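What follows is each chain in one-letter form.
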Amino acid sequence: MSNASITKTTPEWNTINWAKVQRKVFKLQKRIFQAVKSGNKVKAKKLQKLLLKSHYAKLLAIRKVTQDNQGKKTAGVDGKKALHPNQRIKLVKELTLKGYKAKALRRVWIPNHRRDEKRGLGIPTMKDRVMQALVKSALEPYWEAQFEGTSYGFRPGRSAHDAITRIYTAINKKARYVLDADIAKCFDKINHDYLLSKVDCPHNIKRIIKQWLECGVMDKGILEETDSGTPQGGVISPLLANIALHGMIKDTENHFPRTKRKEDGSLHREYKPKIIRYADDFVVLHEDYDVILQCKTLIAQWLEKVGLELKPEKTSIRHTLKSIEHDGKTIDPGFDFLGFNIRSYPVGKHHSGKTGGNSKWGIESKAIGFKTLIKPSKKKILAHHEAIKEVVKANKKAPQEVLIARLNPIIRGWCNYYRTVTSRETFSSEDSILWNTLRAWTVNRKKKETPLYDALKKYFSYGKQGKWTFQTREYVLYHHTETEIKRHTLVKPESSPYDGNWTYWSKRRGTYTGTPARVAKLLKKQKGICPQCKQHFTPEDLIEVDHIIPKSKGGKDTYNNLQALHRHCHDAKSKNDYLYDWHL
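Rules used in this analysis
- Residues numbered from 1 in each chain as written.
- Predicted model: local features only at pLDDT ≥ 70, side-chain atom pairs only at ≥ 80, totals over all residues.
- Heavy atoms only, no water.
- Helix = DSSP H or I, 4+ residues; strand = E, 2+ residues; numbered from the N terminus.
- Contact = heavy atoms within 4.5 Å.
- Areas by Shrake-Rupley, 256 points an atom, 1.4 Å probe, with all protein chains shown as cover.
- 1 Å grid on protein atoms, 1.4 Å probe; cavity = no way out; pocket = protein on both sides within 12 Å on 5 of 7 lines; lining within 4 Å.
- Points joined across faces, edges and corners; volume = space filled by probe spheres on them.
- Domains from an automatic or database assignment.
- Pairing = 2+ DSSP bridges.
- Axes fitted to C-alpha atoms, helices over the stretch in contact; angles between N-to-C directions.
- Patch = residues over 30% accessible without salt bridge, like charges linked within 9 Å, V, L, I, M, F, W, Y side chains within 5 Å.
- Salt bridge = Lys/Arg side-chain N within 4 Å of Asp/Glu carboxyl O.
- Lys, Arg positive; Asp, Glu negative; His and termini not counted.
- Charge placed at Lys NZ, Arg CZ, Asp CG, Glu CD.
- Buried < 20%, exposed > 50% of the residue type's maximum accessible area, 1.4 Å probe, protein only.
- Expected span 1.5 Å × (residues − 1).
- Polar contact = N/O pair within 3.5 Å; in protein donor to acceptor, adjacent residues only side chain to side chain.

> Sorry, what's going on with the overall build of the protein here?
Scanning the protein from terminus to terminus reveals 20 helices and 20 strands. By sequence separation, contacts in the protein at least 24 residues apart represent 68% of the contacts at least 6 residues apart. With an accessible surface of roughly 30,300 Å², the protein has 50% of that area assigned to carbon and sulfur atoms.

> Teacher, can you tell me more about the layout of surface pockets here?
Where empty space is left can be seen by rolling a probe of water-molecule size over the atoms. Its volume calculated, the second largest pocket comes out at about 1,500 Å³. Lining of the second largest pocket is provided by 38 residues; of these, Lys 64, Asn 69, Gln 70, Lys 136 and Val 235 occupy positions nearest its centre. Looking at the lining of the second largest pocket, the elements that each hand over two or more residues are α2 (18-37), α4 (55-68), β1 (105-112), β2 (117-123), α6 (126-144) and α11 (237-245). Examining the composition of the lining of the second largest pocket, we find that 6 residues originate from one element, α4, more than from any other. Each of two domains, domain 1 (12-149 + 186-234) and domain 3 (502-579), supplies a minimum of three residues to the lining of the second largest pocket.

> Would you take a moment to explain the sheet that holds strand β14 (residues 340-346) for this structure?
Across a sheet, paired strands are connected by hydrogen bonds in the backbone, their directions being either parallel or antiparallel. Across the sheet, which stays open at both edges, the 3 strands sit in the order β13-β14-β15 with antiparallel pairing between neighbours. Across the chains shown, the open sheet's two edge strands, defined by having one partner strand only, are β13 (335-337) and β15 (370-376). Pairs of neighbouring strands in the sheet enclose a mean axial angle of 25°, with direction left out of account. Across 7 bridges, the pairing between β14 and β15 is antiparallel. Of the residues in β15, the one forming a bridge with Ile 342 is Ile 374.

> Would you mind showing me how to read a negative patch on the surface here?
A cluster of acidic residues, Asp 193, Glu 214, Glu 225 and Asp 227, forms a negative patch at the surface. Taking relative accessible area as the criterion, Asp 227 reaches 62% and is therefore assigned exposed.

> Whenever I open this one, helix α7 (residues 160-171) confuses me. Can you help?
Think of an α-helix as 3.6 residues a turn; residues three or four steps apart then line up on the same face. Here α7 is 12 residues long and its end C-alpha atoms lie 17 Å apart, about the 16 Å a rise of 1.5 Å per residue gives. The element α7 is largely enclosed, with a buried count of 10 among its 12 residues. All of the buried residues along α7 are Ala 160, His 161, Asp 162, Ala 163, Ile 164, Thr 165, Arg 166, Ile 167, Ala 170 and Ile 171.

> Is there a simple way to think about the side chain of Glu 144 in this case?
Within the secondary structure, Glu 144 sits in helix α6. There is a polar contact of 3.0 Å between the side chain of Glu 144 and the side chain of Arg 155. Not counting residues within four places of it along the chain, the set of residues in contact with Glu 144 comprises Phe 33, Arg 155, Pro 156, Ser 496 and Tyr 498.

> I would appreciate a short explanation of helix α10 (residues 203-214) in the present structure.
Compared with the 16 Å implied by 1.5 Å per residue over 12 residues, the 17 Å span of α10 between its first and last C-alpha is a close match. What α10 keeps buried is the set Ile 205, Ile 208, Ile 209, Gln 211, Trp 212 and Leu 213. Tucked into the core, α10 has its buried residues touching α3 (41-53), α6, α9 (192-198) and α11. In the stretch just after α10, Gly 216 is the one whose phi turns positive, near 90°.

> Just to check I follow, could you spell out unusual backbone geometry for this structure?
Residues apart from glycine generally show negative phi values, whereas peptide bonds are mostly found in trans. Of note in this structure, Phe 154 is not a glycine but carries a positive phi near 55°. Judged by its relative accessible area of 43%, Phe 154 falls in the partly exposed class. Positioned with a positive phi, Ala 279 is a non-glycine residue whose angle comes to about 60°. Looking at where Ala 279 falls in the secondary structure, it is placed in the loop between β8 (274-278) and β9 (281-286). Of the residues examined, Ala 279 reaches a relative accessible area of 5% and is grouped as buried.

> What should I look at first to understand the pattern of salt bridges in this one?
Think of it this way: side chains of opposite charge can pair up when their charged atoms draw near. Within this structure, the stated rule accounts for 9 salt bridges. With a shortest N-O distance of 3.7 Å, Glu 494 and Lys 37 are connected by a salt bridge. Of the two residues, Glu 494 sits in the loop between β17 (466-470) and α18 (502-509) while Lys 37 sits in helix α2, which places them 457 residues apart along the sequence. Under the relative-accessibility criterion, Glu 494 is labelled exposed at 51%. One salt-bridge network, in which partners are shared between bridges, spans Lys 41, Lys 45 and Asp 200.

Quick look at the structure:
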């Protein structure tokens, strides 16, 4: 990237070409990622310094914090909630590492739904958040090239569903013991000295990170010092927590040999334990109970140097298929992780899972006597019930369309999270409970002299759910069973959005049925280059598929007559001749 492209200024915020901004920033991030992958960390750190000076990177950081993030209207200690376009342009000039000083955080208490308790967030000022986003854009590709393959929390291109799918692949053919563990107050107790020694970045960046860690928290006018932990509520905090916990998986696995002879003389080919981590929650899987106990001890010792420890009440040893005795208690099979219940069930041979066979080597697949199913956990089902009941109760006197508008996002969001597992029976059960809840809502509103059937017909009518569809002329209640069960495809362990593999990431990020495969095929044919502007596509680009010969001139919807273009290139070419919009 030339110096001219780094220092170029833009007079008006609303005239910025964001597709160009994203491309320029991503090119540098990709180079950082590739430099670390090739072992050239010196080059990577030079590129990091270049990125922090980039005008485009500063613009993108400001946009993410002030326009894209959910907390864009949350103020820090300076009271600023939002920035106007002119203020954003002015802030670009203020984003320099030299002379920067972080301000204290503002304490905000919010409910923690994962642990049924309140947690305190430390909200930085708007400028501090933007600076964190800028530094994160330089640090993230550097560390994405090094993070462990089975770490899934707070990483681009990865989700809780990847962690769950990875667990499934580890236990669906073989029953295992499970260490289900939780790190106590992970974000609050990370040792600052340990983290700063591990960050591995240029000195000026490390100096700023130290300021963010030690800037203190303002709670009801009282300034509290922060001697440990990363500030929850900061843009860069999840990345710093992942950096602190990096190495736990590999260091623990390396204490065990890859293969080991069993007592009967047969070879145990995969003896190393399998560890899957999502942020501060993780599970350890192995056939041998003693190995699980060793892993628990090793991980506890490893966490000590980070300033952390396992949470006793949230840490337990279980088995995926059978009940076990532990500490004098009988523990049922299966375990809960990230809101899912994971368990293997004994079944007959006709329903049993099978071992993988190999016809080439004459190995036949055999029934294993159990089947692994993943379902929504009972705790999360009950929490969903309560969420719906609270909305219905709060809208006893509200119009029907208001109630539907409040319920639909809750139902859709919950179903979308659980659509990748065995949830069909759960969705059907939830619809039955929802029907009873809405029936009670109707009865509560009817007059004494009005027959129940007439009251129900006022709110229920024939529609997509049959005779008893809860709807108005404009609003229809979304039912759980409308959600299609769709299995999640596990992300490759070493893949990252910064690796530049457009074909792979375009398939994973496609949103329209049938579209991802076609776009991926076109990108492969075009070698990841837009034929209009001759620039590479990036994962942030908006792509449109266009006809080479317009349909108005006899062109057809065939593969040879299609091309993938950047949206801005397509708009410049033709605003009418296109098939669909698609986000890579």
